[in-house]
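Letter by letter, the chains look like this.
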Amino acid sequence: MKILKFLLISVVVGFLGGYATTVFSKSEAQLWGSILPSKNFLGLGIDLSGHCITHTKGKWSRKTFRHRRVHISGISAIINKKDILTKDEETNTIGLSIIPYVVSNRNGGKLLAVIANKKITGENFNKFYPVCFQHLSHSARSEPKFNKFYPLILLHVESKKNRKSLERHIKALQFWDMDFLTKPIKATTVSTVRNLLKKVFSKKQAKFLKGLRFNVCVELIDEEEGNVKFQVGNFGGSSPCKPALPKQSQKRTENTQTNFSPDRDDLSASNDKTCEQPPQKDAEAMQCQETSQKLATCKNKIVQVQERISQLEQEKTRIEANRNYLETTCNEANSGIDKLMEENDKLKSQIERLKREKKLKQARQQEGTNLQLKKLENKLERLTKKREKTTEEFEKLTQLTKKRDETITELEDKVDQLTKERDDIKKLANQPSSCDSQTFFAGNHKLIVVSLSKNYSRKQKKAIKNGLVEVLSNVKRNLRRLELPFTLLTIQSGKQLHTVLTSNQLRYLNLEDGSDSILGRIENGIGFGARDLRALEDLGKLDTNIKNKANSGDIIGSVLYLTDNIRLNTSLTNQQWKVSLAWCRKRIGLTVLTTKECEVWDKLGAKCTSWQNKAELISELNAFLNAAEN
């Protein structure tokens, strides 16, 4: 019977101790310095529905993306080296927070995911959002308030010496070396922070540990689904990822237990009954004594909790009394306000009535004199209208006279200009090389213009694209050898001008494939197939573009025109000479690369070359841009 009672008491104490451990013990992340368990962050979603976190006027806030939904192409994570956590000087483990991020080419590259709660944005959205722009990633990583709102990872090593070396290595890392992965994981969506980080940990990479000469165990704390860890390095010796001994974990569980007990009278009664009779064995006596001590401790704890509950109930009563008093005061104030509003409405109606009476009185007093005044006003109004009409007619005649004089002057100037142009055109017709003999390049900007006619052969279309890619790639590699700035334009269907790229944009393009590469710009910007182009008349649209640039201070010095002579007649009209004459006056040089004959272009004074293969095209392009061909 005594043994049965002892076993029952042991089961009660064990049950209560296990229950207290589950409810009140701290999480592993909190023991390492995090303000909340890692599971509180890992379970949160990463919102890509169209919002982002920005920083303006010293404040972080949520805003809406211009393109609404965030389109991602990859995921990864970096470490935050701002806070390196250690338990004590003898431990072989350090703690770091890990920051997830998404890669979005449309929205600006690497976008760190940061939490939006009351401490960060003032609004409790309780989700992770990407930052709006890539430059904000560095600001978010450096913001102290973010440091404790990320999941926690542990780095285990085999000795205290290796731990200190690891700390020095992490403190010396640059921003671009803090990444987990050498290349982001390709992905188009991500649900939660846990989902993202587990994909990252599945790669078993730690780029930020590159260069260390000892083994490191990387462990992600996840109190809900279990920690995830892997080893970096293979330098022999024992693995820092080995599991903890069962005795140690049992000891830690006992230390974190919070004393909890059922009804204290029942336990003290069972305690008295158990220990009243002398035990048959010494072991039973010791166990009984230990049980009695535990029950006494539980009893003291329960007394403290009950006292605290009594204090809280008294505080609750006091708060309810204050609340009732405030409600009564507010009701009385509301009733007083209602009375004042009623009195205010009465005063307003009285004031309105007095105003109406005053107006009626004034109207009666003035009624006698109003008739005479009205007659005089009518007469004055008729005379005023007559005078205004006469004045308007005189002003119209004056304006018509002024317009006539201006029109005559403009016509005379235009006649003089047309006469001069006619003489210049005749001179150019008699001396077709007169423009070519001048010194051109008054400006410092070059234009390369490609006519997107459908009449090119397939081989010629390919040669134009590949030739431009090769020449521009050489210019990109030898950028200092480019003497003058340039712009690459196309003439599309409907005589529309389209800018493919400029020399300033060329500095930031890649030499490899992709939308942000030279090949990508050429492929996207040059598509042949226009049917309504005219080789000579299309230069008139280009001349308008050159005038606009000159008005803004950008003077064009020379033009390279790639064409197939689409709809080009051998007989030239005065209108067709006009652009060539204007460019001669402005000292703008015209170089033509055509797949047909150069007869008409020679008449216009242009430097014309008929090319048949890619090598000839590249040679002329290099000569125009003053860049040597590799």
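Structure: see above.
Residues numbered from 1 in each chain as written. Predicted model: local features only at pLDDT ≥ 70, side-chain atom pairs only at ≥ 80, totals over all residues. Heavy atoms only, no water.

Digging into the sheet that holds strand E11 (residues 445-451)
- If you trace the six strands from one edge of the open sheet to the other, you get E13-E12-E11-E14-E15-E16, paired in mixed fashion. Two strands lie at the open edges of the sheet, namely strand E13 (496-502) and strand E16 (607-610), each paired on one side alone. Neighbour to neighbour, the strand axes of the sheet diverge by 20 degrees on average, direction disregarded.
- In this structure, strand E15 (residues 589-594) lies alongside E16, joined through four bridges in parallel fashion. In the strand pairing of E16, Thr594 is matched with Ser610. (Pairing = 2+ DSSP bridges. Helix = DSSP H or I, 4+ residues; strand = E, 2+ residues; numbered from the N terminus. Axes fitted to C-alpha atoms, helices over the stretch in contact; angles between N-to-C directions.)

So, helix H6 (residues 193-202)
- Buried within H6 are the following residues: Val193, Arg194, Leu196, Leu197, Val200 and Phe201. The arc that holds the buried residues of H6, viewed along the axis, is 160 degrees, so those residues lie on one side.
- Two residues or fewer past H6, Lys204 is found with a positive phi of approximately 55 degrees. (Buried < 20%, exposed > 50% of the residue type's maximum accessible area, 1.4 Å probe, protein only. Arc of directions from axis to C-beta.)

What about the nonpolar core?
- Of all hydrophobic cores here, the largest spans 61 residues; its most connected members are Ile79, Phe128, Ile153, Leu155, Leu166 and Phe180.
- Here the element with the most residues in this core is strand E4 (residues 93-104); it accounts for seven residues.
- For Leu155, the contacting residues outside a window of four places in its chain are Asn92, Thr93, Ile94, Leu96, Leu166, Ile170, Phe208, Val216, Cys217 and Val218.
- With 30 residues, the next largest nonpolar core counts Ala463, Val475, Ile518 and Trp611 among its residues. (Core = buried A, V, L, I, M, F, W, Y, C linked by side-chain atoms within 4.5 Å. Contact = heavy atoms within 4.5 Å.)

Focus on the packing of helix H10 (residues 458-477) against helix H16 (residues 614-625)
- Orientation of H10 relative to H16, taken along the N-to-C sense of each, is 40 degrees, at an axis distance of 9 Å. The angle between H10 and H16 places the two elements in the oblique class. Remark: the crossing between H10 and H16 carries right-handed chirality. Along its contact with H10, which presents Ala463, Ile464, Asn466, Gly467, Leu468, Glu470, Val471 and Val475, the element H16 presents Lys614, Leu617, Ile618, Leu621, Asn622 and Leu625.
- Among the residues making up the contact of H10 with H16, the classes are represented as nine nonpolar, three polar and two charged. (Parallel < 35°, antiparallel > 145°, perpendicular 65-115°, else oblique. Left-handed = near helix turned anticlockwise from the far one by under 90°. Nonpolar A, V, L, I, M, F, W, Y, C, P; charged D, E, K, R; others polar.)

As for a positive patch on the surface
- Together, Lys454, Lys495, Arg531, Arg534 and Arg567 make up a positively charged patch on the protein surface.
- Checked against the element boundaries, Arg531 lands in the loop between helix H12 (518-525) and helix H13 (539-551). (Patch = residues over 30% accessible without salt bridge, like charges linked within 9 Å, V, L, I, M, F, W, Y side chains within 5 Å. Areas by Shrake-Rupley, 256 points an atom, 1.4 Å probe, with all protein chains shown as cover. Salt bridge = Lys/Arg side-chain N within 4 Å of Asp/Glu carboxyl O. Lys, Arg positive; Asp, Glu negative; His and termini not counted. Charge placed at Lys NZ, Arg CZ, Asp CG, Glu CD.)

Geometric descriptors of this kind do not, in isolation, establish any biological role.
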